[in-house]
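Take a look at the letters that make up each chain.
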Amino acid sequence: MTTEPLSPKPTDGAATLLTVWKSAQARLKAGRIDSPAIDARLLLEAAADASRMDILTDPYRIVTPQQQAAYETMVERRLKREPVSRIIGKKGFWKIILNVTPDVLSPRPDTETIMDIAMLAFTPQERFTAIDLGTGSGAILLALLTERTGATGVGTDISSEALAVAKENAANLDLNDRATFLRTEWAAGFGDASFDLVMSNPPYIPTDHIASLDPEVRDHDPHLALDGGPDGLQAYRDLAPEIKRILKPLGVFAVE
């Protein structure tokens, strides 16, 4: 069984979702950009107000000159090694979509390993308390709360700008009633044995290695979220006693 495209193939060479996507994909590949097809599609979705399904099922949909111009600008930015998440202001993490700004680390798939631990440790309706130390965009805490409806949690950060992003993400996900965000250094101000689950993705890049990172990271992620001190382990030294202090007996912690 085959499915016909929703729009007929144009005969006048007009720009369509398919043609502009393929063109951008070729340019990104020539520019040695990783994942050129995925990046070109994500940018096109944003520029043309299209979904992935639109591109697949309606490839001959006309792209307007205004949409083409917006897409061209986005592709040029990507060719200069600006991450897609920075260009469109959003990033997927686990099963949620988050707003991201230059004030927060763009969530990484690697960090989802923390979610793997949490999913095994607590059942879907189990009631428990969690804290995300150095929450940034709120990615870890908010992903957890969407999966574990009996949980409540706190995200901490020393950046007021990051906390504003996390609060906005919580509101967008309708999690304001179960997520709280506080400006403090790691777990400062919290009582002993306060949480069933402690999570964190602390900075772990040695200071003198930051200059050698890919431009997408070095030039666009906040260095505060990257710099782990001379050997990359300073945050872990700071966190270890705090985690032990605030974790309830038989509690669980997961740190990337």
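Refer to the structure printed above.
Throughout what follows, the structure given in this document is the object of discussion. Computed from a predicted model, the values in this text were never measured in an experiment. (Residues numbered from 1 in each chain as written. Predicted model: local features only at pLDDT ≥ 70, side-chain atom pairs only at ≥ 80, totals over all residues. Heavy atoms only, no water.)

## Here we look at the overall build of the chain
So, point 1. Counting secondary structure elements, the chain contains 10 helices and 7 strands.
So, point 2. C-alpha extents for the chain along the principal axes are approximately 70 × 45 × 30 Å.
So, point 3. Within the chain, buried positions represent 46% of all 256 residues.
So, point 4. Taking all contacts inside the chain whose residues are at least 6 apart in sequence as the whole, residues at least 24 apart take part in 69%.
So, point 5. On the chain, roughly 13,300 Å² of surface is accessible, and the fraction owed to carbon and sulfur atoms is 55%.
So, point 6. Counting 27 positive and 36 negative side-chain charges, the chain places the centres of these two groups 3 Å from one another. (Helix = DSSP H or I, 4+ residues; strand = E, 2+ residues; numbered from the N terminus. Buried < 20%, exposed > 50% of the residue type's maximum accessible area, 1.4 Å probe, protein only. Contact = heavy atoms within 4.5 Å. Areas by Shrake-Rupley, 256 points an atom, 1.4 Å probe, with all protein chains shown as cover. Lys, Arg positive; Asp, Glu negative; His and termini not counted. Charge placed at Lys NZ, Arg CZ, Asp CG, Glu CD.)

## Side note on helix α1 (residues 17-30)
Since the α-helix packs 3.6 residues into each turn, any two residues three or four apart lie on the same face.
So, point 1. Taking 1.5 Å as the rise per residue, α1 with 14 residues should run 20 Å; its terminal C-alpha atoms sit 20 Å apart, in good agreement.
So, point 2. Looking at α1, one finds that the buried residues are Leu-17, Val-20, Trp-21, Ala-24 and Leu-28. Buried positions in α1, seen along its axis, are confined to an arc of 100° and lie on one side of it. Of the exposed residues in α1, the ones pointing more than 90 degrees away from its buried face are Lys-29 and Ala-30.
So, point 3. Summarising the contacts, the buried residues of α1 are in contact with α2 (36-47), α3 (52-57) and α4 (65-79). (Expected span 1.5 Å × (residues − 1). Arc of directions from axis to C-beta.)

## Looking at the pairing of strand β3 (residues 128-133)
So, point 1. Across the 6 residues that make up β3, a large majority, 5, are buried.
So, point 2. Summarising the sheet, β3 and strand β4 (residues 151-157) pair through 6 bridges and their orientation is parallel. Note that in β4 the partner of Ile-131 across the bridge is Val-154.
So, point 3. Once the chain exits β3 it traverses helix α7 (residues 139-147) before rejoining the sheet at β4, and the crossover so formed is right-handed.
So, point 4. Across 4 bridges, the pairing between β3 and strand β6 (residues 195-200) is parallel. In the sheet register, Leu-133 faces β6, and the bridge partner there is Ser-200. (Pairing = 2+ DSSP bridges. Right-handed = clockwise from strand over helix to strand, strands pointing away.)

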